[in-house]
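Chain and residue survey
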Amino acid sequence: SGWFRRASRAQMAALVGGTPLSAPAMTAFAMGCAVPGFLDERDPDVEPDGEPTPSEVADLLDIAYEGRQAWIGVPLAATPAEDARAARSGTTLTYGEVHQDGLTKLLGPKGLDLVGRGSRRLLELGSGRGRLALQAFLQLPHLRSVLAVELVATRHCAAAVAARRLVEASDGRFSLQAALPTNDAATLGEKRGRSSDSAAAALTMFE
């Protein structure tokens, strides 16, 4: 973003090799907010990284994730067995998230343009806490199904907890069907009106 481009070399060095930022400062940094000792000015010529998420969707996401818009401090690491399995496949299980306003832009006309393309299904591989899948489920009602697959069990569990939290607060608007995992791999299926046939841990969400 323009914020990163305007940060000095010394400031960036402090990020990657200097004294670690506190958890609140890291959260603020991840959200693009001002952090003491860092520039917070934006380049007016750079296109914004995101677009405002509809308030109703943002409110539902706040319920599901208890207002936490960044994953910092949440234990989401892969187990040694999961890391080893990924290494044998020539990949890694590195994790990161995009802010909900960034996802709004990604899903919209300037990104995947799911509405404009008439897309009916969305598949996400490596879904983590399920934020993209859940936001697409809530924000794009024309999608018939949203299927999210996650190999790291702790991340799937975090997604399942968020989905259940939303369902419990929805007064019957949403419902869940769950299947027990058969191994330490986890698959989160969030679908609109369809059931999941995954052999691993599966969670199906209906509206």
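It should be emphasised that the depicted structure is a prediction, and the values quoted were computed from it without experimental measurement.

**Structural notes on the packing of helix H4 (residues 55-64) against helix H7 (residues 131-139)**
At a minimum axis separation of 10 Å, H4 and H7 run at an interaxial angle of 140°. Comparing their axes, H7 and H4 come out oblique. For the pair H4 and H7, the sense of crossing is right-handed. Counting all contacts with H4, which are made through Val57, Leu60, Leu61 and Ala64, the residues of H7 involved are Arg131, Leu134, Gln135, Leu138 and Gln139. Of the residues belonging to the contact of H4 with H7, the class tally is six nonpolar, two polar and one charged.

**Overview of the pattern of salt bridges**
For the structure on display, the rule yields four salt bridges. Salt-bridge contacts for Glu56 lead to Arg173; the nearest nitrogen and oxygen are separated by 3.1 Å. Here Glu56, found in helix H4, pairs with Arg173, found in the loop between helix H8 (153-168) and strand E3 (175-179); they are 117 residues apart in sequence, far enough to count as distant. Exposure remark for Glu56: the relative accessible area of 49% places this residue in the partly exposed category. A salt bridge links Arg129 to Glu97; the shortest N-O distance between them is 2.7 Å. With Arg129 in the loop between strand E1 (121-125) and H7 and Glu97 in the loop between helix H5 (80-88) and helix H6 (100-107), this pair connects stretches of sequence that are 32 residues apart.

Calculation notes
- Numbering of residues begins from 1 in every chain and follows the order in which that chain's sequence is written.
- Per-residue local features are limited, in this predicted model, to residues with pLDDT of at least 70; the limit for side-chain atom pairs, both in listing and counting, is 80 or more; totals at the level of whole chains, interfaces and linings are taken over all residues.
- As a rule here, side-chain values come from all non-hydrogen atoms in the structure, and water together with hydrogens is ignored.
- Axis lines are fitted through C-alpha atoms, for helices just across the contact stretch, and the angle between N-to-C directions can take any value from 0 to 180 degrees.
- Per the convention used, a helix needs a DSSP run of H or I reaching at least four residues, while a strand needs a run of E reaching at least two, with both numbered from the N terminus.
- Relative orientations are named as follows: roughly parallel for angles under 35 degrees, roughly antiparallel for angles over 145 degrees, roughly perpendicular for angles from 65 to 115 degrees, and oblique for any other angle.
- Crossing chirality is assigned from the near helix's rotation relative to the far helix, an anticlockwise turn below a right angle marking it left-handed and a clockwise turn marking it right-handed.
- Contacts: residue pairs with any heavy atoms within 4.5 Å of one another.
- Any residue that is not Ala, Val, Leu, Ile, Met, Phe, Trp, Tyr, Cys, Pro, Asp, Glu, Lys or Arg is counted as polar, Gly included; the first ten are nonpolar and the last four charged.
- By salt bridge we mean one thing: a side-chain nitrogen of Lys or Arg within 4 Å of a carboxyl oxygen of Asp or Glu.
- Exposure is judged per residue with a 1.4 Å probe applied to protein chains only, and the accessible area is read against the type maximum: over 50% gives exposed, under 20% gives buried, and values in between give partly exposed.

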